[in-house]
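# Secondary and tertiary structure notes
Chain by chain, the residues run as shown.
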Amino acid sequence: MALTDFKALTFDCYGTLIDWESGIASGLSALVSRATEPLTRDEILEAHARHESYQQKLTPAMPYDRLLQVVFKRLAEEWGARYCWDEAVAYGASIGDWPAFPDSASTLQYLKKYFKLIVVSNVDNRSFRTTNEKLAVDFDAVVTAEDVGSYKPSRNVFEYLFSTLSSMGIEKSDTLHVADSVYHDHEPASALQLRSCWIQRRYEQRGSGANVKYLVEPSVDYRFTSMAQLVKAHHEDLAR
């Protein structure tokens, strides 16, 4: 199926459009400086992924900004770092400060000319509104974990997405899901027969970073290392 055959693109946000690893590392830098042992960037990100995914399973209805407060507390305890609760609150509020990847805004503006664009993200609505200013595009719909009361990879999130698409007159078969995370996005997309495109942001790096580790590479329809490559492939399909 050519890229030009799709009617809608659904996007994971943090990790795909937003450089959440830089945002996480920056937001935790003061805490890390007080840890009892030195920590590498990957160790910080992998610990964050472990606590975040656990808390998302444990409290699926908790808004993401509040969930990050709990993650901050757990990381401080694990690293033996002193902290005050105001720091945890500030970390939860830092989501809107996380930077967009350099290619995100321009590519979204290009793709908006050809597709309906929908965000499906493990975030709360208030935080995403701030993030969206960095992406500089009006999405046709936004599906958040706060809307659903569940976090990806829960099937509930994708069923909510399919209902949203249906209300827009778009079939699942006409939709391509664009994401970086194997655990949160590509594994459930494959199970639900949703076509997907892997934007493999960490292709030059070892480890899983802020994403949950995966053992087997996903079965995807497209694979690129940037959003810019996705746009290039769309240009090529248009030229055929």
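Being a predicted model, the structure only gives us computed values, none of them experimental. (Residues numbered from 1 in each chain as written. Predicted model: local features only at pLDDT ≥ 70, side-chain atom pairs only at ≥ 80, totals over all residues. Heavy atoms only, no water.)

## Digging into helix 10 (residues 182-191)
A large share of helix 10 lies buried, amounting to 7 of its 10 residues. All buried positions along helix 10 are accounted for by Val182, Tyr183, His184, Asp185, His186, Pro188 and Ala189. Tucked inside the fold, the buried residues of helix 10 contact helix 3 (41-58), helix 9 (155-167), strand 4 (175-179) and strand 5 (195-199). Regarding helix 10, its N-cap is Ser181, as a side-chain oxygen of that residue lies 3.5 Å from the backbone nitrogen of Tyr183 further along. Remark: Gln193 follows helix 10 within two positions and exhibits a positive phi of approximately 60°. (Buried < 20%, exposed > 50% of the residue type's maximum accessible area, 1.4 Å probe, protein only. Helix = DSSP H or I, 4+ residues; strand = E, 2+ residues; numbered from the N terminus. Contact = heavy atoms within 4.5 Å. Polar contact = N/O pair within 3.5 Å; in protein donor to acceptor, adjacent residues only side chain to side chain.)

## Here's the deal with the state of the cysteines
Within this structure, the stated rule accounts for 0 disulfides. As a non-bridged cysteine, Cys197 has Cys13 as the owner of its nearest cysteine sulfur, 16 Å distant. Note on Cys197: relative accessible area 0%, which makes it buried. (Disulfide = S-S within 2.5 Å.)

## Remarks on the nonpolar core
In terms of nonpolar packing, the biggest core is built from 56 residues, with Leu28, Trp98 and Leu111 touching the most fellow members. When residues in this core are grouped by element, the largest group, 9 residues, is from helix 4 (residues 64-79). Looking at this core, you find at least three residues from each of domain 1 (3-19 + 100-239) and domain 2 (22-97). If you look at the next biggest cluster of nonpolar residues, it comprises 14 residues, including Ala8, Ile118, Val157 and Ala189. (Core = buried A, V, L, I, M, F, W, Y, C linked by side-chain atoms within 4.5 Å. Domains from an automatic or database assignment.)

## Here we look at the layout of surface pockets
Volume-wise, the largest pocket comes out at about 210 Å³. Lining the largest pocket are 13 residues, and of these Trp198, Arg202, Gly207, Ser208 and Tyr214 sit closest to its centre. For the lining of the largest pocket, the per-class residue count stands at 4 nonpolar, 6 polar and 3 charged. (1 Å grid on protein atoms, 1.4 Å probe; cavity = no way out; pocket = protein on both sides within 12 Å on 5 of 7 lines; lining within 4 Å. Points joined across faces, edges and corners; volume = space filled by probe spheres on them. Nonpolar A, V, L, I, M, F, W, Y, C, P; charged D, E, K, R; others polar.)

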